[in-house]
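Spelled out from the first residue to the last, the chains are:
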Amino acid sequence: MAVFTEVSTKEARELLRRLQLGKLLELRGIEGGIENTNYFVTCEQGEYVLTLFERLTAEQLPFYLHLMKHLAHAGIPVPDPQADKHGEILHQVCGKPAALATKLRGKSQLSPQEAHCAAVGTMLARMHLAASGYERQQPNLRGLPWWNETVPVVLPHIGAEPAALLQSELAYQNHVAASSAYAALPRGPIHADLFRDNVMFEGEELTGLFDFYFAGVDTFLFDLAVCLNDWCIDLPTGAHAAPRAQAMIDAYQAVRPLTAHERALLPAMLRAGALRFWISRLWDFYLPREAAMLKPHDPTHFERVLRQRAAHPVTL
Ligand SMILES: Nc1ncnc2c1ncn2[C@@H]1O[C@H](COP(=O)(O)OP(=O)(O)O)[C@@H](O)[C@H]1O
Ligand SMILES: N[C@@H](CCOP(=O)(O)O)C(=O)O
């Protein structure tokens, strides 16, 4: 379940009144997700998703919500946060920061084929181009500084062999980040967590991207690497799935061709993407939040992906 905070119909009605969206017809808690409280809200004006932010602060949220609005205006199918009569899109519900955004149609495609991977590649590149015009700045809060802070926190919990890999990979990524090739990578606002469960499909048509709450300014290549590491691998082994990866990369490049530096650094960013989620999963696993936290994701999955990426670099 992902209802950490119960929202009453009275509170939902009050929000709809402020947003002038008409009468509440249905309020239903959403089971998926691990970060926030989510409800489907049906009202006279349509269907929406109400999110109460459990971890992110009111200072961090405007970057994500305005990015979603910017992308929605640019024609990217993302949830569009609804404003009150003052133009405010960050609200308060049950004393927590909250947003009400349009509901996307479709459902997650958890067993993607080449056509789905191509659709993600196309939309990711379109999103990067559209996001380039977004002016607010916020770094990827799960980027290299967070890895450097968090690795020492999780190290005491894991065995000698994974600990050695974690430390050596972190050293390698610090080295890459200090290089001139890395400094030359195109960057802008990225989604940074575009896994299979954050994309909607109807058949082979991609109908939406959501869950922008790990977004931040980082390299576009890192975003592509995160997608390749989830959509284009064999999940049980973590091995690269070449046909799906080629479909995603070709579709991405048809919209935004990769630069020479991006092509050269793809193997390093595939390792960076695996390291990022290995660290966050270790952190969630060994230092879970109190109360209603769900079963954490398996950290060893991204250890396997990282080992595969290091042993079999993918070159373009
Ligand atoms: N805008 C949306 N349109 C349709 N469904 C949504 C939308 N936002 C969230 N959902 C549904 O809610 C679930 C949980 O949302 P998610 O953003 O992944 O939560 P969390 O941030 O807690 O991980 C998703 O799997 C999806 O089914
Ligand atoms: N995609 C991440 C976890 C983030 O969860 P989400 O439900 O908010 O996308 C992972 O797999 O570790």
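Refer to the structure printed above.
The paragraphs below set out a description of the structure included in this document. (Residues numbered from 1 in each chain as written. Chains lettered and ligands numbered in written order. Predicted model: local features only at pLDDT ≥ 70, side-chain atom pairs only at ≥ 80, totals over all residues. Heavy atoms only, no water.)

### Brief notes about the environment of Asp80
Move 1: On the secondary structure map, Asp80 appears in the loop between α2 (61-73) and β4 (91-93).
Move 2: Among the residues examined, Asp80 registers a relative accessible area of 18% and is labelled buried.
Move 3: Contacts of Asp80, omitting those with residues within four sequence positions, involve Lys69, Ala72, Leu100, Ala101 and Thr102.
Move 4: A polar contact of 2.6 Å, which involves the side chain of Asp80, links it to the side chain of Lys69. (Helix = DSSP H or I, 4+ residues; strand = E, 2+ residues; numbered from the N terminus. Buried < 20%, exposed > 50% of the residue type's maximum accessible area, 1.4 Å probe, protein only. Contact = heavy atoms within 4.5 Å. Polar contact = N/O pair within 3.5 Å; in protein donor to acceptor, adjacent residues only side chain to side chain.)

### With respect to the site of ligand 2
Move 1: Ile34, Glu35, Asp193, Phe195, Asp197, Asn198, Asp211, Phe214, Phe277, Arg281 and His297 make up every residue found near ligand 2.
Move 2: The side chain of Asp193 places a nitrogen or oxygen atom 2.7 Å from a nitrogen atom of ligand 2.
Move 3: Between ligand 2 and Asn198, the relevant distance is 3.0 Å, taken from an oxygen atom to a side-chain nitrogen or oxygen of the residue.
Move 4: When ligand 2 sits alone it has 330 Å² of accessible area, and the protein chains cover 91% of it.
Move 5: Classifying every residue of the shell around ligand 2 gives four nonpolar, two polar and five charged. (Near = heavy atom within 4 Å. Areas by Shrake-Rupley, 256 points an atom, 1.4 Å probe, with all protein chains shown as cover. Nonpolar A, V, L, I, M, F, W, Y, C, P; charged D, E, K, R; others polar.)

### With respect to the nonpolar core
Move 1: Membership of the largest hydrophobic core comes to 80 residues, with the highest contact counts inside it found for Leu166 and Leu209.
Move 2: The leading source of residues in this core is helix α9 (residues 260-286), at twelve residues.
Move 3: Excluding residues that lie within four positions of it along the chain, Leu209 makes contacts with Ile76, Pro77, Val78, Pro79, Leu104, Met123, Met127, Leu194, Asn198 and Val199. (Core = buried A, V, L, I, M, F, W, Y, C linked by side-chain atoms within 4.5 Å.)

### Let's talk about the site of ligand 1
Move 1: As a matter of local geometry, ligand 1 sits amid 17 residues, with Ile34, Glu35, Asn36, Asn38 and Leu104 nearest to it.
Move 2: Backbone polar atom of Asn36 to an oxygen atom of ligand 1: 2.9 Å apart, as the coordinates give it.
Move 3: For ligand 1, the protein covers 86% of the area, taking 550 Å² as the surface of the free molecule.
Move 4: Classifying every residue of the shell around ligand 1 gives eight nonpolar, six polar and three charged.

### Re the pattern of salt bridges
One side chain can pair with another of opposite charge once the charged atoms of both are near each other.
Move 1: Enumeration according to the criterion identifies 14 salt bridges in this entry.
Move 2: Taking the shortest distance from any N to any O, the salt bridge between Glu161 and Arg307 comes out at 4.0 Å. Taken together, the residues Glu161 in helix α5 (residues 160-177) and Arg307 in helix α10 (residues 299-311) connect sequence positions 146 residues apart.
Move 3: Overall, Glu161 belongs to the exposed group, its relative accessible area being 59%.
Move 4: Judged by relative accessible area, which is 33%, Arg307 ranks as partly exposed.
Move 5: Salt bridges linked by common partners bring Glu14, Arg17 and Arg18 together as one network. (Salt bridge = Lys/Arg side-chain N within 4 Å of Asp/Glu carboxyl O.)

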